[in-house]
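Chain by chain, the residues:
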Amino acid sequence: PLELFANQVAHAIEEKKLDQKVKKTTRRYRTLVETMNDGLFTVDLSGNITFVNPALVELTGFQENEMVGRPLSLLLAPEALEKFRGRSGPGAGGRGSRFELLVQAKAGEPMPVLVSATPYVEDNETIGSIAIISDLREQKKAEEDRRRMHEEVLEANVKLRDSMARLQSAQEVITEAKAKIDAG
C-alpha cells in the first residue's frame, strides 16, 4: 500500500512537471506569434481564416474579428487566392514555399507581400495552411527608385554623348575656320 501510494505521488509529480513544461512551451510560442513583426494566419481546408496575429491586423487594417471565420478571399484577389492554394495547401506536397502576392488591405490598396506558406498538419492530417506575410512595400519602392535612377543615368549618358558630339563638331568647324584664316 505504501509503495502504491509512493508510485501515485511520483506519477502525480511527473504529470505536474509535464503540465508545467507544456504550459511554458505554449506561452513561449504564443509570445513568439503575438510579438513577431510579420503577419501570420492560418486557414482551414475550406479557405476560411482560422487565426491571425496582431501584426497581420496592423498590416491589413482589418480587426481580428473581421478576418477570423471569413474566407481568405477577404485578403486575396481570385488570382492570388488560386496561387496561394496551389503553393500552400494539400496539393503543395507537404512542403512549404515562398512566393509574392498582393494582399488587399482594408483601406483598399493592394500591397505586395512575401508569403512563406506551408500545409498545416495535425496528427498526420492536413487541416489547412499556415502563412507568414512579410510586407514588401518598402522593398518594392526601393526597387522602383533604383530602376528610375538607372533610367535617369542612362538618359543623362545619352544627353552627355550628344553634347560631346556637338562640341566635337564645333571644334572641327573652329579648326577649319582657323586653318582658312591662317591660310588666307
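Structure first, text after, so check above.
Figured I'd write up the structure that's included with this text. Note that this is a predicted model, so its numbers are computed, not measured.

### So, the side chain of N53
For N53, the location among the structural elements is in the loop between strand 2 (49-52) and helix 2 (54-60). Within the local environment of N53, its side chain forms a polar contact with the backbone nitrogen of L40, the two atoms lying 2.8 Å apart. When residues no more than four places from it in sequence are discounted, the contact partners of N53 are V33, M36, D38, G39 and L40.

### A look at the pairing of strand 4 (residues 110-122)
Relative to strand 4, strand 3 (residues 97-104) runs antiparallel, the two sharing 8 bridges. Within strand 4, the position partnered with E100 by the bridge is L114. Here strand 3 hands over to strand 4 after 5 residues, with G108 in that stretch at a positive phi of 105°. Across 10 bridges, the pairing between strand 4 and strand 5 (residues 125-135) is antiparallel. Looking at strand 5, one finds that L114 is bridged to S134. Turn length for the strand 4-strand 5 hairpin, with the two strands adjacent in sequence and antiparallel, is 2 residues, and the turn residue D123 shows positive phi of about 50°.

### Looking at the pairing of strand 5
Regular strands place their side chains on alternate faces of the sheet. Where strand 1 (residues 39-44) lies against strand 5, 6 bridges are found, and the strand directions are antiparallel. Across the sheet, V43 pairs through a bridge with S129, a residue of strand 5.

### Let's talk about the nonpolar core
Membership of the largest hydrophobic core comes to 26 residues, with the highest contact counts inside it found for F41, M67, L72, L75, L76, F84 and V115. Of all the elements in the fold, those that place two or more residues in this core are strand 1, strand 2, helix 2, helix 4 (78-88), strand 3, strand 4 and strand 5. With 4 residues, the single largest contributor to this core is strand 4. Once residues lying within four places of it in the same chain are set aside, the contact partners of L72 are F41, V43, G47, I49, L81 and F84.

### Looking at the packing of aromatic side chains
Each aromatic ring pair is summarised here by two numbers: the centre-to-centre distance and the angle between the ring planes. A full pass over the atoms with the stated rule returns 2 aromatic pairs. Seen in terms of ring centroids, F41 and F84 are 5.7 Å apart; in terms of plane orientation they differ by 35°. Their pairing is tilted. On the criterion of sequence distance, the pair formed by F41 in strand 1 and F84 in helix 4 is long-range, its members being 43 residues apart. Note on F41: relative accessible area 3%, which makes it buried. Cluster of aromatic residues (ring-pair linked, three or more members): F41, F84 and F99.

### Here's the deal with the side chain of S134
Residue placement: S134 occurs in strand 5. Other than its neighbours up to four places away in sequence, S134 contacts D38, P112, V113 and L114.

### Here we look at unusual backbone geometry
Look at D123: it is not a glycine, yet its phi comes out positive at around 50°. Along the chain, the position of D123 falls in the loop between strand 4 and strand 5. Of the residues examined, D123 reaches a relative accessible area of 77% and is grouped as exposed. Positive phi is not limited to glycine here, since N124 has a value of about 60°. Looking at the secondary structure, you find N124 in the loop between strand 4 and strand 5.

Calculation criteria
- Residues numbered from 1 in each chain as written.
- Predicted model: local features only at pLDDT ≥ 70, side-chain atom pairs only at ≥ 80, totals over all residues.
- Heavy atoms only, no water.
- Helix = DSSP H or I, 4+ residues; strand = E, 2+ residues; numbered from the N terminus.
- Polar contact = N/O pair within 3.5 Å; in protein donor to acceptor, adjacent residues only side chain to side chain.
- Contact = heavy atoms within 4.5 Å.
- Pairing = 2+ DSSP bridges.
- Core = buried A, V, L, I, M, F, W, Y, C linked by side-chain atoms within 4.5 Å.
- Buried < 20%, exposed > 50% of the residue type's maximum accessible area, 1.4 Å probe, protein only.
- Phe/Tyr/Trp six-rings, centres within 6.5 Å; stacked < 30°, edge-to-face > 60°.

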